[in-house]
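A closer look at the structure
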Amino acid sequence: MTTTVIDGLPIPQRYGAILTIALGITVSVLDGAIANVALPTIAQDLHASPASSIWIVNAYQLAITISLLSLSSLGEIFGYRCIYMIGLVLFSFTSLACAMSDSLMTLTVARVLQGFGAACIMSVNVALVRIIYPQRFLGRGMGINALIVAVSSAAGPTVAAAILSFANWPWLFAINLPIGLIAFCMGLKFLPGNSSKATGRKFDFISSIMNALTFGLLISAISGYAQGLDHRLILGEMVALVVIGWFFIRRQLTKSSPLLPVDLLRIPIFTMSICTSMCSFAAQMLAFVSLPFFLQNTLGLDAVSTGLLLTPWPLATMVMAPISGRLVERFHPGILGGVGLVVFSIGLYSLALLPEHPSHLNIIWRMIVCGAGFGLFQSPNNHTIVSSAPRSRSGGASGMLGTARLLGQTTGAAMVALMFNLFSASGTHASLILAGTLALAGAVVSMLRMTQKLVEQQKA
């Protein structure tokens, strides 16, 4: 029996659905970075050491990473709208719990639960975009979505600095409650259901546990090595990772709709696009974590000035992402992504070559180049990831896109710690050189996608 696929939503509903997606993804992505600026203040207020306060950030990222693919699988079974709405409710009320926390333990637990809510939102947002937009406008939809993710991810320091300039740290979390509830009410009215759900398919709990252990151990090992933890502990984690990961992949190869989308990874253009996504976000994180050290420690700027000097990057991305979303309707995404990553690498290398005492203008134009290149790359790349997967596997593609972003960001942040351990005073310079090299490597892979035939997978 053939299922009729509705090609996008009618105009009034489409705009409401876009706004709903935008609100949810903005607060969930933003909260991954917004707490960084306030960590010293939070640690002092909760009488926690700087080292232990890192868990306020890590707990959130870890919860998202270990659950993203499982939740995207649940979206394919029960409906993307259902998972998204549950995520909005969970994220909103756990944000309130974060704001009311009176100890490091309660805040960390609240952040874990908040991370699961964010994972619900992130795991299916791209799959919902594919349903919301007609196929001919999917590039524009992915452009807007890439814009929201990239700007929210990069604007964390700026937004945090703005809130902290007139309010204390609990408001960083409390502000999510009204936004989340507005998005939930809009979602009830505008968000569409799946055109076809995975009927008869059961959720694979064993794979879900193995997935959480595999990605959890991977992130723990990368972060531990970068921070110089005991090598025996890291070795133990790596051995456990290899053993569990091997059995996990073996199990996925026997499934028709696997949790880890090995079926999609067999599609060359999908795999190459995932690799370029990881490279781009690792490069972005290398720059965004290392640059504040240069701006504050070397140039002597305060947190607010640092946030403002970083702002041209997300602003340039904001301008370029929708433009590249339209260009993908006319040009091969491989060449658009390749050109974008080359421009991105030029911006990163130019930041590495900053003079000892640069003017603000000298910093700003380099930030604009980075943001423009990053925005030019993201929309075509995300469009390729989603459109190369069958519609019935949109959840898997969406989850893998989010996982690639998080793994790239986690690896990038860990590599900053490694660069500072290896090169000490010139850690920012080394991080930027490495970031530019990663962006160039991603550009090469992106250009190679031009040898692959673009096929829009419409089969369920």
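What you see is a predicted model; the values in this text were computed from it and never measured.

What to know about the overall build of the protein chain
- From N to C terminus, the protein chain includes 20 helices and zero strands.
- At 21 Å, the protein chain has a C-alpha radius of gyration in line with the 23 Å of a compact globule built from 460 residues.
- Dimensions of the protein chain, computed from the C-alpha atoms along their principal axes, are close to 65 × 50 × 45 Å.
- Relative to its 460 residues, the protein chain shows a buried fraction of 58%.
- Long-range contacts, defined here as pairs at least 24 residues apart, represent 85% of the contacts in the protein chain between residues at least 6 apart.
- Summing over all exposed atoms, the protein chain offers an accessible surface of approximately 18,700 Å²; the carbon and sulfur share of this is 71%.
- Each charge class in the protein chain can be summarised by its mean position, and for the 24 positive and 13 negative side chains these summaries are 15 Å apart.

A word on the nonpolar core
- Ile64, Tyr84, Leu128 and Ile132 are the most contacted members of the largest nonpolar core, which totals 62 residues.
- Once you skip the residues sitting within four places of it in the chain, Leu128 turns out to touch Ile21, Tyr80, Arg81, Tyr84, Leu191 and Pro192.
- Counting 31 residues, the second-largest nonpolar core is a separate cluster that includes Leu341, Phe344, Ala352 and Leu354.

Section: the packing of aromatic side chains
- If you walk through the whole model with that rule in mind, you get seven aromatic pairs.
- The interplanar angle of 80 degrees and the centroid separation of 5.7 Å between the aromatic rings of Trp313 and Phe344 together place this pair among those described as edge-to-face. Residue Trp313 is located in helix H16 (residues 312-327), and its partner Phe344 is located in helix H17 (residues 333-352); the two are separated by 31 residues in the primary sequence. Judged on exposure class, the residue Trp313 and its partner Phe344 are both buried.
- Relative to Phe374, the ring of Phe344 has its centre 5.4 Å away and its plane inclined at 65 degrees; by these criteria the two rings are edge-to-face.

So, a nonpolar patch on the surface
- On the surface, Leu235, Val239, Val243, Trp246 and Phe247 cluster together into a nonpolar patch covering about 520 Å² of accessible area.
- In this structure, Val239 sits in helix H12 (residues 231-252).
- Take Val239: its relative accessible area is 48%, and that puts it in the partly exposed class.

With respect to helix H6 (residues 104-132)
- The end-to-end C-alpha distance of H6, which contains 29 residues, comes to 40 Å, matching closely the 42 Å that a straight helix rising 1.5 Å per residue would cover.
- At Asn125, H6 shows its strongest bend, of approximately 40 degrees.
- Within H6, 23 of the 29 residues are buried, which leaves the element mostly enclosed by the surrounding structure.

Focus: the side chain of Thr108
- With respect to the helices, strands and loops of the structure, Thr108 is situated in helix H6.
- In this structure Thr108 comes out as buried when scored by relative accessible area, which is 15%.
- Those residues in contact with Thr108, other than ones at most four positions away along the chain, are Trp55 and Ala59.

Description of the pattern of salt bridges
- All told, the structure shown has four salt bridges when counted by the stated rule.
- In this structure, Arg111 engages Asp31 in a salt bridge whose closest nitrogen and oxygen atoms are separated by 3.7 Å. Residue Arg111 is found in helix H6, and its partner Asp31 is found in the loop between helix H1 (11-30) and helix H2 (39-45); the two are separated by 80 residues along the sequence.
- Judged by relative accessible area, which is 0%, Arg111 ranks as buried.

Description of the environment of Ser324
- Examined against the element boundaries, Ser324 turns out to sit in helix H16.
- Looking at Ser324, the relative accessible area reads 0%, which means it is buried.
- Here the alpha-carbon distance between Ser324 and Ala352, two residues 28 residues apart in the chain, equals 26 Å.
- Residues within four places of Ser324 in sequence aside, it is in contact with Leu336, Gly375, Leu376, Ser379 and Pro380.

As for the environment of Val159
- Structurally, Val159 can be placed in helix H8 (residues 156-164).
- Using a relative accessible area of 28% as the deciding quantity, one classes Val159 as partly exposed.
- Expressed as a C-alpha distance, the spacing of Val159 and Val304, which sit 145 residues apart in the sequence, is 9.6 Å.
- Setting aside its immediate chain neighbours within four residues, Val159 contacts Leu30 and Ile34.

Rules and cut-offs
Residues numbered from 1 in each chain as written. Predicted model: local features only at pLDDT ≥ 70, side-chain atom pairs only at ≥ 80, totals over all residues. Heavy atoms only, no water. Helix = DSSP H or I, 4+ residues; strand = E, 2+ residues; numbered from the N terminus. Rg over C-alpha atoms; globule rule 2.2 N^0.38 Å. Buried < 20%, exposed > 50% of the residue type's maximum accessible area, 1.4 Å probe, protein only. Contact = heavy atoms within 4.5 Å. Areas by Shrake-Rupley, 256 points an atom, 1.4 Å probe, with all protein chains shown as cover. Lys, Arg positive; Asp, Glu negative; His and termini not counted. Charge placed at Lys NZ, Arg CZ, Asp CG, Glu CD. Core = buried A, V, L, I, M, F, W, Y, C linked by side-chain atoms within 4.5 Å. Phe/Tyr/Trp six-rings, centres within 6.5 Å; stacked < 30°, edge-to-face > 60°. Patch = residues over 30% accessible without salt bridge, like charges linked within 9 Å, V, L, I, M, F, W, Y side chains within 5 Å. Salt bridge = Lys/Arg side-chain N within 4 Å of Asp/Glu carboxyl O. Expected span 1.5 Å × (residues − 1). Bend = angle between axes of the 7 residues up to and from the residue.

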